[in-house]
Amino acid sequence: MVSRRRKALELLWKGICTVYVWGEIEDPLTHITKQGEVLKYDNLKCKLSHKNLSATSSTGGPAIIVQQVKLSLGNEYDIPAGSKIIVNQNGQTSAYTRSGEPGVFMDHQEIVLEPFKRYA
């Protein structure tokens, strides 16, 4: 049962995400198993948020600005490290990977993301 707090949070979630993991796929005709991209979750409600972080340089050079991307979604989903996460929000689609342990809260979780380059 979804709590009222969770329903209120989901009103703010305007994105949809799909999660893929690297795993074994069996060919239905030959029954040969190979490695490939496997769908884990599809059409999950989510919210992608961005935060700019700046750090000053100790060498007197210019400050470095880094953007942190965070995904909020239900805490009942297990998103393994290294998963490929496709997020569609505000008419834009981007591919990310989970970079660290999720922050798990009472009604949701927050996962820090990095741009997806390849499976680890």
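Residues numbered from 1 in each chain as written. Predicted model: local features only at pLDDT ≥ 70, side-chain atom pairs only at ≥ 80, totals over all residues. Heavy atoms only, no water.

1. Observations concerning the confidence of the model for the chain
- When pLDDT is averaged along the chain, the result is 88; 92% of the residues meet or exceed 70.
- Predicted confidence in the chain is weakest over strand β3 (residues 64-73), with a mean pLDDT of 85, and strongest over strand β4 (residues 84-89), with 95. (pLDDT = per-residue confidence, 0-100. Helix = DSSP H or I, 4+ residues; strand = E, 2+ residues; numbered from the N terminus.)

2. Considerations on the nonpolar core
- Residues Cys17, Leu71, Leu73, Ile85, Val87 and Leu113 are the most contacted members of the largest nonpolar core, which totals 15 residues.
- If you list the elements that add at least two residues to this core, you get β1 (15-26), β2 (33-55), β3, β4 and β7 (109-115).
- Residue contributions to this core peak at 4 residues, all from β2.
- Other than its neighbours up to four places away in sequence, Leu73 contacts Trp13, Cys17, Leu44, Lys45, Cys46, Ile79, His108, Gln109 and Ile111. (Core = buried A, V, L, I, M, F, W, Y, C linked by side-chain atoms within 4.5 Å. Buried < 20%, exposed > 50% of the residue type's maximum accessible area, 1.4 Å probe, protein only. Contact = heavy atoms within 4.5 Å.)

3. Comments concerning the pattern of salt bridges
- One pass over the structure, following the stated rule, counts 7 salt bridges.
- Residues Arg5 and Asp107 are paired through a salt bridge, measuring 2.8 Å at the closest nitrogen-oxygen approach. With Arg5 in helix α1 (residues 4-12) and Asp107 in the loop between β6 (103-104) and β7, the pair connects residues that are 102 residues apart, well separated along the chain.
- Here Glu37 ties to Lys84 by a salt bridge, and the two come within 3.4 Å at their closest N and O atoms. (Salt bridge = Lys/Arg side-chain N within 4 Å of Asp/Glu carboxyl O.)

4. Quick look at unusual backbone geometry
- Positioned with a positive phi, His31 is a non-glycine residue whose angle comes to about 60°.
- By the secondary structure assignment, His31 is in the loop between β1 and β2.
- The exposure class of His31 is exposed, given its relative accessible area of 53%.
- For Asn43, which is not glycine, the phi torsion reads 55° and is therefore positive.
- Mapped onto the secondary structure, Asn43 falls in strand β2.
- On the basis of relative accessible area, Asn43 is assigned to the exposed category, the value being 53%.

5. Re the packing of aromatic side chains
- Counted under the stated rule, the structure contains 1 aromatic pair.
- Summarising the aromatic geometry, the rings of Tyr41 and Tyr77 are spaced 5.1 Å apart at their centres and angled 70° between planes, so their arrangement reads as edge-to-face. Here Tyr77 lies in the loop between β3 and β4 and Tyr41 lies in strand β2, a separation of 36 residues in the sequence.
- By relative accessible area, which is 19% here, Tyr41 ends up buried. (Phe/Tyr/Trp six-rings, centres within 6.5 Å; stacked < 30°, edge-to-face > 60°.)

6. With respect to the pairing of strand β5 (residues 92-98)
- Note that β4 and β5 share 6 bridges and pair antiparallel. For Gln89, the partnering residue across the bridge sits in β5 and is Gln92.
- In this structure, the hairpin formed by β4 and β5 is closed by a connection of 2 residues, where Asn90 is found at a positive phi of approximately 55°.
- As paired elements, β5 and β7 share 3 bridges and run antiparallel to each other. Of the residues in β7, the one forming a bridge with Tyr96 is Pro115. (Pairing = 2+ DSSP bridges.)

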